Amino acid sequence: KLTTTIDRIGDSRMNKFINTTLQLKDENIIFEDKVEEMTVKNIKSLIYFGRLDVNPQYCPACGCVKQGNSIVKNGSKKSRITLIKISGLPAYLELRKQRYHCRECDSYFTAKSEIVGDNCFISKRVKRMVLDFATNALTLKHIAETCNVSDHTVQRVIDGTGKDLKPSIFDALPEHIAFDEFKGVKYAEGNMSFVFIDNTNSQIVDVLGDRRKFKLRDYFCAYPLKTRQKVQTVTMDMYMPYMEVVREVFPNAKIIIDRFHLVQALNRELNKLRIEVMNTFRVPDHRLYNKYKRYWRLFLMPRERLSSWDYQSFKLFDWLTNTGGILDYLLDKNPLLKDTYNIVHNLREALQENDSEAFKAQLAQSKLVKLPSGLRRVLRTFIKLQRYIGHTFKYKHLTNGRIEGLNNKIKVLKRIAYGYRNFQNFRTRILMTNKLYLNEIPVVQAA
């Protein structure tokens, strides 16, 4: 009796040890005191052995309660369940499940375990691991190799979760929204896809496959009017269809033009003019041409970062100078370039210092100066959107920085996957990668 008691204590400790190692929380599984090394799918693997025996209180077929010998044991059924890797080796559990026979309805059923779903041979913990890896920018092949499953299984697990990743549409909208677009999949409805986020906490609200005006209008009109009236601000770039949609569907929202896109438009025109001036010196003064080409960054660099006192030697210059001196030298060669440079940087500094009056004054002054046609067109756009740019100064803490960072993640995700063909698969990965509703992701089954 003492020996039997000691053996039971040893078996209990061994069972607990294996349970803890494999993280399988099912008290009905009794593990055998052995682990074998076998070749499974031409890969060296670890095989654990266990027995599943439960005490059923009723028949799942007819629902009759167990009385006496109404439900009896009837052999067993073996299943090989995929587990998480152990010490870098694939691991499996050879589980012998007890079968039962109900004499009331003459039906048969097999004991079920909490570690695996019905008619499934992949443990729930492996599926949870797949979902955890899917929240990172990793390829399906890498996830499949790490979790010891197939690529198709990874996709099925992600697809099953994608159904529950849809936001509660037509229910609520954030007070502050940011709009942006990104290049979607090849076979999407539109050339560009659309994403919008809560501009206070960076949480994605939804991702759409098309950014065309009528598509966005139909989507947002599905929200109740009371919900749309609660939206206070919408931050965006200077894409006119976005503004038209906001004016139509969000009656109380103020449009904010992102200041990064304002500066980008100014710098683009300044750089175009620099290239035009540079090309005029290609033949008559190739050395000056090289100076414009080599020191192009100085034209776009903020003036406060230029040095006017640190003299040193620079390539292409035969005298000691500094970055401020180089820029002054190049600007003096062309009066139009100099006036354009001053206008652009005065506007940029007004945006940086959040000085709306200085910005308006500089726009008015620009009408008196000769400027290139490209910059003149940009300034006319600024004057046309001056009311929205005024909101940019008023709500200086609301920018498109958060959503631009999100777009960078989307590009990384698309690049490592070598592109997507199905937009819904792409959308699901975007939402999962940004950990939307991560705590609410259910464990889904995959055969």
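Presented here is a report on the structure given in the accompanying data block. (Residues numbered from 1 in each chain as written. Predicted model: local features only at pLDDT ≥ 70, side-chain atom pairs only at ≥ 80, totals over all residues. Heavy atoms only, no water.)

**Quick word on the environment of Asn422**
- In this structure, Asn422 sits in the loop between α16 (401-416) and α17 (423-433).
- Overall, the relative accessible area of 37% leaves Asn422 in the partly exposed class.
- For Asn422 and Asp339, which are 83 residues apart along the polypeptide, the C-alpha to C-alpha distance reads 50 Å.
- Separated by 3.1 Å, the side chain of Asn422 and the backbone nitrogen of Asn425 make a polar contact. (Helix = DSSP H or I, 4+ residues; strand = E, 2+ residues; numbered from the N terminus. Buried < 20%, exposed > 50% of the residue type's maximum accessible area, 1.4 Å probe, protein only. Polar contact = N/O pair within 3.5 Å; in protein donor to acceptor, adjacent residues only side chain to side chain.)

**What about the pairing of strand β9 (residues 233-236)?**
- Of the two faces of β9, both are covered, the one formed by Thr233 and Thr235 as well as the one formed by Val234 and Met236.
- Where strand β6 (residues 176-183) and β9 come together, three bridges link them in parallel fashion. Across the sheet, residue Ala178 finds its bridge partner in β9, namely Thr235.
- The parallel pair β9 and strand β10 (residues 254-257), bridged by helix α7 (residues 240-249), forms a crossover whose chirality is right-handed. (Pairing = 2+ DSSP bridges. Right-handed = clockwise from strand over helix to strand, strands pointing away.)

**Notes on the packing of α16 against α17**
- Packing of α16 against α17 leaves a shortest axis separation of 10 Å and a crossing angle of 125 degrees. Our classification of the angle between α16 and α17 gives oblique. With respect to the hand of their crossing, α16 and α17 are arranged in right-handed fashion. Across the interface between the two elements, Ile410, Leu413 and Lys414 of α16 pack against Phe426, Arg429, Ile430 and Thr433 of α17.
- In the contact of α16 with α17, the residues fall into four nonpolar, one polar and two charged. (Axes fitted to C-alpha atoms, helices over the stretch in contact; angles between N-to-C directions. Parallel < 35°, antiparallel > 145°, perpendicular 65-115°, else oblique. Left-handed = near helix turned anticlockwise from the far one by under 90°. Contact = heavy atoms within 4.5 Å. Nonpolar A, V, L, I, M, F, W, Y, C, P; charged D, E, K, R; others polar.)

**Comments concerning the packing of helix α2 (residues 124-134) against helix α4 (residues 151-162)**
- Running from amino to carboxyl end, α2 crosses α4 at an angle of 80 degrees, the nearest separation of the two axes being 10 Å. As summarised for this structure, α2 and α4 are arranged roughly perpendicular, according to the angle between their axes. Only Val154, Val157, Ile158 and Thr161 of α4 make contact with α2, whose side of the interface consists of Lys127, Val130, Leu131 and Ala134.
- Among the residues making up the contact of α2 with α4, the classes are represented as six nonpolar, one polar and one charged.

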